[in-house]
Amino acid sequence: ILNVEQSPQSLHVQEGDSTNFTCSFPSSNFYALHWYRWETAKSPEALFVMTLNGDEKKKGRISATLNTKEGYSYLYIKGSQPEDSATYLCASYGGGGSNYKLTFGKGTLLTVNP
Amino acid sequence: SAVISQKPSRDICQRGTSLTIQCQVDSQVTMMFWYRQQPGQSLTLIATANQGSEATYESGFVIDKFPISRPNLTFSTLTVSNMSPEDSSIYLCSVPGQEGNEQFFGPGTRLTVL
């Protein structure tokens, strides 16, 4: 059983602040790490899919790193804006045999105050 | 990317009744996934629906409670049967992307059972 943990559970920041979240996951039977951004009443939006140890990916003000040996990933948001307010989910894609699936953490709820 | 729609977007139901959730994709896909997120919990895979075969259910989920139909390559339904308040959740359908381990999600169906 894969357990994916995210911290913090929620976060309030001021507009312009930079922030980061943590995702930890079992490193055994690992294939990929996904980050999603989920706004209320909308579809979860894929931010990054990372597979290689040491991977760093960037999309605008958002970036992510991956450490598969120790089983963690960080998501960074530089200069937070109110439109960044959402729940950020990470999910580990892994398993064994033909049973690969996404296992999600509970998410980090980010609120950016103007 | 895939565009996915779900109906209904939300519903309030009485215990003991059943609700069928529809998922429509704008392209043909072999596999479709059904997830749920109970309040305060992780997004959890219920079952994988392949066109032309029986759905594969994850541990803790059974066909009698969550029957799934997959009549063609662009459509699926999930029924939540004999509902109880514990079934109050957001239900999402999802499809894999072209890149293999990426996934796209619908906007979800928010179900409240009284």
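Residues numbered from 1 in each chain as written. Chains lettered and ligands numbered in written order. Predicted model: local features only at pLDDT ≥ 70, side-chain atom pairs only at ≥ 80, totals over all residues. Heavy atoms only, no water.

### Overview of the nonpolar core
Residue and element names in this part refer to chain B. If you look at the biggest cluster of nonpolar residues, it comprises 26 residues, and the most contacted ones within it are Trp34, Ile46, Phe66, Tyr91, Val95 and Leu111. Taken together, the elements giving at least two residues each to this core come down to strand 3 (19–25), strand 4 (31–37), strand 5 (43–50), strand 8 (75–80), strand 9 (89–96) and strand 11 (109–113). In terms of residue count, the dominant contributor to this core is strand 3 (four residues). Excluding anything up to four places from it in sequence, Ile46 contacts Trp34, Tyr35, Arg36, Thr56, Tyr57, Glu58, Phe61, Phe66, Leu78 and Tyr91. (Core = buried A, V, L, I, M, F, W, Y, C linked by side-chain atoms within 4.5 Å. Buried < 20%, exposed > 50% of the residue type's maximum accessible area, 1.4 Å probe, protein only. Helix = DSSP H or I, 4+ residues; strand = E, 2+ residues; numbered from the N terminus. Contact = heavy atoms within 4.5 Å.)

### Examining the interface of chain A and chain B
Where interface size is given, it is often the accessible area lost as the parts come together that is meant. Chain A puts 20 residues into the contact, and the matching count from chain B is 17 residues. Among the residues of chain A in contact with chain B, Trp38, Phe104 and Lys106 of chain A are the three that bury the most area, contributing 35% of the side total. Among the salt bridges present, the one from Glu58 of chain B reaches Lys101 of chain A, with a minimum N-O distance of 2.8 Å. Listing elements by their share of the side of chain A that touches chain B, those giving two or more residues are strand 4 (30–38), strand 9 (86–96) and strand 10 (99–104) of chain A. By residue number, the principal contributor to the side of chain A that touches chain B is strand 4 of chain A, which donates five residues. (Buried area = accessible area lost by both parts, 1.4 Å probe. Salt bridge = Lys/Arg side-chain N within 4 Å of Asp/Glu carboxyl O.)

### Observations concerning the state of the cysteines
Tallied over the entire structure, the rule returns two disulfides over all chains. Shown here is the disulfide that connects Cys23 of chain A with Cys90 of chain A, its sulfur atoms set 1.9 Å apart. Across the S-S bond of Cys23 of chain A and Cys90 of chain A the torsion is about 75°, and the bridge reads as right-handed. Placement of Cys23 of chain A in strand 3 (residues 19–24) and of Cys90 of chain A in strand 9 is noted, with a sequence separation of 67 residues between them. With respect to class, Cys23 of chain A is no different from Cys90 of chain A; both count as buried. Each sulfur in the disulfide pair Cys23 of chain B and Cys93 of chain B lies 1.9 Å from the other. Judged by the sign of its S-S torsion, about 75°, the cystine formed by Cys23 of chain B and Cys93 of chain B is right-handed. (Disulfide = S-S within 2.5 Å.)

### Digging into the side chain of Arg36 of chain B
Residues and elements named next belong to chain B. Relative to the assigned elements, Arg36 resides in strand 4. It turns out Arg36 is buried and unbridged, and the closest side chain with the opposite charge, Asp87, is 4.0 Å from it. There is a polar contact of 3.5 Å between the side chain of Arg36 and the side chain of Gln38. Not counting chain neighbours up to four residues away, the residues in contact with Arg36 comprise Ser42, Leu43, Thr44, Ile46, Phe61, Phe66, Glu86, Asp87, Ser89, Ile90 and Tyr91. (Lys, Arg positive; Asp, Glu negative; His and termini not counted. Polar contact = N/O pair within 3.5 Å; in protein donor to acceptor, adjacent residues only side chain to side chain.)

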